[in-house]
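Listed below, chain by chain, are the residues.
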Amino acid sequence: MHDRKRILVTGGAGFLGSHLCERLVNEGNDVICMDNFRTSAKRNIRHLMDNNYFEFIRHDIIEPIFIECDQIYNLACPASPIWYQQDPIYTTKTSIYGAFNCLGIAKRTGARILQTSTSEVYGDPEMHPQKEEYRGNVNQIGPRACYDEGKRVAETLFFDYHRQHKVDIKVMRIFNTYGPRMDMGDGRVVSNFIVQALNGDDITIYGDGSQTRSFCYVDDLIEGMIRLMNSRDGFTGPVNIGNPGEFTIKELAEKVIEMTDSKSKIIYKELPVDDPTQRKPDISLARKELGWEPKIALEEGLKKTIEYFKGRIKELEEIEQK
Ligand code: UDP
């Protein structure tokens, strides 16, 4: 008999959350998706609404809630730099009160709980590639601190609940991820470049484009997340999940222009404050503990993402014409 679990996903209508909910439902679980739609969208979960094993609750995880479940994936938090900086106090509240409230549910129900932390806990890293032991270089009073420090305190809370109350925790550090259902307007580099290229607009590189990022396709990331949740007892992480392939932002711009056959020109804009100069995960721990590594190369993932954005642009044009 299938071991059907009741699983709570906070931030379940977001980019990553919606892919996770879909996978969990398809694998025969009973999924409770929670979201407040602050930086997510109903369209991301519309296709799941009729499924008997999918349930949606509109709730802000800043407020306590009582739910019975076997597992909790805590994804709720504005995650793109422009969104998390728009209301920084709210961003910190979401990370910290959200962690308290989710950990409270886990403590009461005995549910296993996974925290989606971030490579941002490493700040502008002086260690390259980043290993989990590295303690980071975050500017605690800079504009990114609301997200970075919020996520760092959330990690602290997870480990304190684990030590003090024996809560069964898993902590994952997510590196840059891309794919279908990224929000067009959230200012991320992959979505910005693809939409600019498809519309024939200028491609905006911030700084000189020599900063690096490592881009993981969403399906690979969700596989890593589910493996971590179901990893052996006693393995808590933190564990890096991301694609170690490293590209400069300029290389990404050129690849997107080539793949979309675009006539867009590259223009250079000011580099945002505290923008990390390089980022690349060391994934040896994920390989060893989870038997996980990404399978989808940048080009293959970009192809699927470009198709998705072509569809979104068409949808929006049709709505405008109505
Ligand atoms: N970036 C850029 N042009 C854009 C959007 C972003 O050059 O239109 C750069 C940004 O400055 C950063 C990198 O791309 O160096 C990744 O930015 P993103 O916001 O996607 O994520 P981050 O890794 O900074 O959280």
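What you see is a predicted model; the values in this text were computed from it and never measured. (Residues numbered from 1 in each chain as written. Predicted model: local features only at pLDDT ≥ 70, side-chain atom pairs only at ≥ 80, totals over all residues. Heavy atoms only, no water.)

Enquirer: How would you summarise a positive patch on the surface if you had to cite specific residues and measurements?
Expert: A contiguous patch of positive charge, built from Lys-42, Arg-43, Arg-46 and Arg-58, is present on the exposed surface. Here Arg-58 is to be found in strand S3 (residues 54-58). A relative accessible area of 54% means that Arg-58 is categorised as exposed. (Patch = residues over 30% accessible without salt bridge, like charges linked within 9 Å, V, L, I, M, F, W, Y side chains within 5 Å. Areas by Shrake-Rupley, 256 points an atom, 1.4 Å probe, with all protein chains shown as cover. Salt bridge = Lys/Arg side-chain N within 4 Å of Asp/Glu carboxyl O. Lys, Arg positive; Asp, Glu negative; His and termini not counted. Charge placed at Lys NZ, Arg CZ, Asp CG, Glu CD. Helix = DSSP H or I, 4+ residues; strand = E, 2+ residues; numbered from the N terminus. Buried < 20%, exposed > 50% of the residue type's maximum accessible area, 1.4 Å probe, protein only.)

Enquirer: Could you give an account of the site of the ligand, with specific residues and numbers?
Expert: In the vicinity of the ligand lie 18 residues, with Thr-204, Tyr-206, Arg-213, Asp-275 and Arg-279 positioned nearest. A distance of 2.9 Å is found between an oxygen atom of the ligand and a side-chain nitrogen or oxygen belonging to Asn-176. Broken down by secondary-structure element, the contributors of at least two residues to the shell around the ligand are helix H5 (189-199) and strand S8 (203-206). When its residues are assigned to classes, the shell around the ligand shows seven nonpolar, five polar and six charged. (Near = heavy atom within 4 Å. Polar contact = N/O pair within 3.5 Å; in protein donor to acceptor, adjacent residues only side chain to side chain. Nonpolar A, V, L, I, M, F, W, Y, C, P; charged D, E, K, R; others polar.)

Enquirer: For helix H9 (residues 298-321), give the residues involved together with the corresponding values.
Expert: A rise of 1.5 Å per residue sets the reference length of H9, with its 24 residues, at 34 Å; its end C-alpha atoms lie 34 Å apart and thus fit the reference within 8%. Residues Leu-298, Gly-301, Leu-302, Thr-305, Ile-306, Tyr-308, Phe-309, Arg-312 and Ile-313 constitute the buried set of H9. Of the surrounding elements, those touching the buried residues of H9 are strand S7 (177-178), H5, strand S10 (216-217), strand S12 (246-248) and helix H7 (249-260). (Expected span 1.5 Å × (residues − 1). Contact = heavy atoms within 4.5 Å.)

Enquirer: Describe in detail the pattern of salt bridges, supporting the description with residues and values.
Expert: For the structure on display, the rule yields 25 salt bridges. With a closest N to O distance of 2.9 Å, Arg-23 and Glu-223 form a salt bridge. One end of the pair, Arg-23, is in helix H1 (residues 15-26); the other, Glu-223, is in helix H6 (residues 218-229), with 200 residues separating them in the sequence. Here Arg-23 falls in the partly exposed class, since its relative accessible area comes to 26%. For Glu-289, the salt bridge is made with Lys-288, and the minimal N-O distance between the two is 3.9 Å. By relative accessible area, Lys-288 is classed as exposed at 65%. One continuous salt-bridge network, built from bridges that share partners, spans Glu-120, Arg-144, Arg-213, Asp-275 and Arg-279.

Enquirer: An account of the packing of aromatic side chains is needed here, citing residue identities and associated values.
Expert: Throughout the structure, instances matching the rule amount to six aromatic pairs. On the basis of an interplanar angle of 70° and a centroid distance of 5.2 Å, the ring pair of Tyr-308 and Phe-309 is categorised as edge-to-face. Like Phe-309, Tyr-308 is buried. Taken together, Tyr-122, Tyr-134 and Phe-175 form an aromatic cluster joined through their ring pairs. Against the face of Tyr-53 rests Arg-4, its NZ or CZ located 3.9 Å from the ring centre. Above the plane of the ring of Tyr-90 lies Arg-38, whose end atom (NZ or CZ) is 3.6 Å from the centre. (Phe/Tyr/Trp six-rings, centres within 6.5 Å; stacked < 30°, edge-to-face > 60°. Lys NZ or Arg CZ within 6 Å of the ring centre and 35° of its normal.)

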